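# Notes for the structure review
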Amino acid sequence: MPVVNCPTCHAKVEWTEANKYRPFCSERCKQIDLGAWAEEKYTIPAADPLEDPLQDPLADHEPKPH
């Protein structure tokens, strides 16, 4: 069975269905992680919708042929 490190305390955790807190080792570590998200200590980077790198910045501003 696979063994992973708890993201909070880095203890070894068996990745099994019997571990209801996986990937955490305990309810305590799970709550610590949840609290960090609530305090915005973690963030997920996002692209600014106004600066879409796939969109041509002149596409909406070019004159259309008649």
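It should be noted that the structure appears before, not after, this text.
Keep in mind that this is a model prediction, so the values were computed, not measured. (Residues numbered from 1 in each chain as written. Predicted model: local features only at pLDDT ≥ 70, side-chain atom pairs only at ≥ 80, totals over all residues. Heavy atoms only, no water.)

Attention shifts here to the overall build of the protein chain. The secondary structure content of the protein chain amounts to one helix and two strands. In the protein chain, the succession of α and β elements from N to C terminus is β-β-α. Within the protein chain, the proportion of its 66 residues that are buried is 12%. Approximately 6,100 Å² of the protein chain is accessible, and the part contributed by carbon and sulfur atoms is 57%. (Helix = DSSP H or I, 4+ residues; strand = E, 2+ residues; numbered from the N terminus. Buried < 20%, exposed > 50% of the residue type's maximum accessible area, 1.4 Å probe, protein only. Areas by Shrake-Rupley, 256 points an atom, 1.4 Å probe, with all protein chains shown as cover.)

A word on a nonpolar patch on the surface. Together, Trp-37, Tyr-42 and Ile-44 line one region of the surface with nonpolar side chains, adding up to about 340 Å² of accessible area. When you line up the elements, Tyr-42 lands in the segment after helix H1 (27-38). Judged by relative accessible area, Tyr-42 falls into the partly exposed class, the value being 35%. (Patch = residues over 30% accessible without salt bridge, like charges linked within 9 Å, V, L, I, M, F, W, Y side chains within 5 Å. Salt bridge = Lys/Arg side-chain N within 4 Å of Asp/Glu carboxyl O.)

Right, let's get into the pattern of salt bridges. Counted by the stated rule, this structure contains one salt bridge. When the shortest N-O distance is used, the salt bridge between Lys-41 and Glu-39 registers 3.3 Å. Glu-39 carries the same exposure label as Lys-41, and that label is exposed.

The next subject is the environment of Glu-14. Mapped onto the elements of the fold, Glu-14 is located in strand S2 (residues 12-14). A relative accessible area of 45% places Glu-14 in the partly exposed class. Along the primary structure Glu-14 and Val-3 are separated by 11 residues, whereas in three dimensions their C-alpha atoms are 4.5 Å apart. Every residue in contact with Glu-14, bar those within four places of it in the chain, is listed here: Met-1, Pro-2, Val-3 and Asn-19. (Contact = heavy atoms within 4.5 Å.)

Within the secondary structure layout, Thr-16 lies in the loop between S2 and H1. Sequence-distant contacts of Thr-16, defined by excluding residues within four places in its chain, comprise Met-1 and Arg-22.

So, about the environment of Tyr-21. Within the secondary structure, Tyr-21 sits in the loop between S2 and H1. Residue Tyr-21 is classed as partly exposed on the basis of its relative accessible area, which comes to 23%. As a C-alpha pair, Tyr-21 and Cys-6 span 15 residues in sequence and 9.7 Å in three-dimensional space. Sequence-distant contacts of Tyr-21, that is, excluding residues within four places in its chain, are made with Ser-26, Glu-27 and Lys-30.

Honestly, that's just the spatial picture; any functional story needs more than this.
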